[in-house]
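Residue-level listing of the chains:
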Amino acid sequence: MVSPAEAGLTTRMSADARRAQLIEVGWELLQSRPIHEMPLDDVAAAAGISRTLLFHYFPTKADFYLAVVTTMGERLLRPPRTPAGAAPVERIRSLVDGFVRLVERNRLSYTALVRGAGGGDQRVVDLIARTRDALVPRWLDAAGRGDASPLTRLALRGWLVGMEETVIAWDPQSVRREELVDHLTASFLAELELAEGRV
């Protein structure tokens, strides 16, 4: 398939639409390489624009990377729907299943992003950390433990990072998804009980 750039064509878009397009291109390209190894020439070519025009929307390479990571964070924080009146265990299972599906759909890009830590850009590293921090109260609220202690919050932040690594390393050929989701749900609830001194 010939890209717009190869055909010598560009499409006029609003600034917001063009920025969104470039971020999506960056997200797609993360499927095949770490973010710090993504040439902006490739991004511009895939979007059908010049490298110069790309810098009109993102002044630096780091600004572009930060925009891509910010979008990833927003997607990660978008909670999946849970059944009305669902019990805490059902809500947690829904969050686990939603995260597993997110990584399934974006395995290479997600792995490249979190393991590459944004190529060492401190703003990206900080954004990933803030994204993880923001997940903690969402999961605690789902579990009906919004008033959890600082120790519990710290322990669950560590659990979330461990879950992330587990799902990245998961091989669907050896472990069924339902089995993984069930295990992670039970693991979360056990960690919660342990952190609160209930076991």
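(A) Broad picture of the packing of helix 8 (residues 150-169) against helix 9 (residues 177-195). At a closest axis distance of 9 Å, the pairing of helix 8 and helix 9 adopts a crossing angle of 160°. Comparing the axis directions of helix 8 and helix 9 gives the class roughly antiparallel. Crossing of helix 8 against helix 9: the hand is right-handed. Residue-level inspection shows Leu151, Thr152, Ala155, Leu156, Trp159, Met163, Thr166 and Val167 of helix 8 in contact with helix 9, the latter providing Leu180, Leu184, Ser187, Phe188, Glu191, Leu192 and Ala195.

(B) Region of interest: empty space enclosed by the protein. The tally for this structure, following the rule as stated, stands at two cavities of 30 Å³ or more. Taken as a whole, the largest cavity holds about 70 Å³ of empty space. As for the largest cavity, its lining consists of ten residues, and the residues nearest its centre are Arg132, Leu135, Leu160, Val161 and Glu164. Counting only elements with at least two residues in the lining of the largest cavity, the list comes to helix 7 (122-142) and helix 8.

(C) Region of the structure containing the environment of Ala195. Its location among the elements puts Ala195 in helix 9. Considering only alpha carbons, one finds Ala195 and Arg153, 42 residues apart in sequence, at a separation of 8.6 Å. Setting aside residues up to four positions removed in sequence, Ala195 forms contacts with Leu151, Thr152 and Ala155.

(D) Here's a closer look at the confidence of the model for the protein chain. Residues at a pLDDT of 70 or more form 87% of the protein chain, whose mean pLDDT is 84. Within the protein chain, helix 6 (residues 107-116) has the poorest average pLDDT of any element, 72, and helix 9 the best, 96.

(E) Inspection of the nonpolar core at higher detail. Core analysis: the biggest nonpolar cluster contains 55 residues, and Leu22, Val43, Phe64 and Trp139 have the highest contact counts within it. With eight residues, helix 7 is the largest single contributor of residues to this core. Leaving out residues up to four positions away in the same chain, Phe64 has contacts with Leu22, Ile23, Gly26, Met38, Leu40, Val43 and Phe58.

(F) Quick peek at the packing of aromatic side chains. Scanning the model with the defined rule gives five aromatic pairs in all. With centroids separated by 5.4 Å and ring planes inclined at 45°, the aromatic side chains of Trp139 and Phe188 adopt a geometry described as tilted. Of this pair, Trp139 sits in helix 7 while Phe188 sits in helix 9, placing them 49 residues apart in sequence. Summarising the burial analysis for this pair, Trp139 and Phe188 share the class buried. Consider the rings of Trp159 and Phe188, whose centres lie 5.1 Å apart with planes at 75°: the pair is edge-to-face.

(G) Here's a closer look at helix 2 (residues 40-47). Every buried residue of helix 2 is accounted for by Leu40, Val43, Ala44 and Ala47. The buried residues of helix 2 all sit within an arc of 95° when viewed along its axis, so they share a single face. Directly after helix 2, the chain includes Gly48, whose backbone phi takes a positive value near 75°.

(H) Representation of the side chain of Arg145 within the structure. With respect to the helices and strands, the residue Arg145 is situated in the loop between helix 7 and helix 8. Owing to a relative accessible area of 16%, Arg145 belongs among the buried residues under this scheme. Side-chain polar atoms of Arg145 contact the side chain of Glu196, separated by 2.5 Å.

Cut-off values and rules
Residues numbered from 1 in each chain as written. Predicted model: local features only at pLDDT ≥ 70, side-chain atom pairs only at ≥ 80, totals over all residues. Heavy atoms only, no water. Axes fitted to C-alpha atoms, helices over the stretch in contact; angles between N-to-C directions. Helix = DSSP H or I, 4+ residues; strand = E, 2+ residues; numbered from the N terminus. Parallel < 35°, antiparallel > 145°, perpendicular 65-115°, else oblique. Left-handed = near helix turned anticlockwise from the far one by under 90°. Contact = heavy atoms within 4.5 Å. 1 Å grid on protein atoms, 1.4 Å probe; cavity = no way out; pocket = protein on both sides within 12 Å on 5 of 7 lines; lining within 4 Å. Points joined across faces, edges and corners; volume = space filled by probe spheres on them. pLDDT = per-residue confidence, 0-100. Core = buried A, V, L, I, M, F, W, Y, C linked by side-chain atoms within 4.5 Å. Buried < 20%, exposed > 50% of the residue type's maximum accessible area, 1.4 Å probe, protein only. Phe/Tyr/Trp six-rings, centres within 6.5 Å; stacked < 30°, edge-to-face > 60°. Arc of directions from axis to C-beta. Polar contact = N/O pair within 3.5 Å; in protein donor to acceptor, adjacent residues only side chain to side chain.

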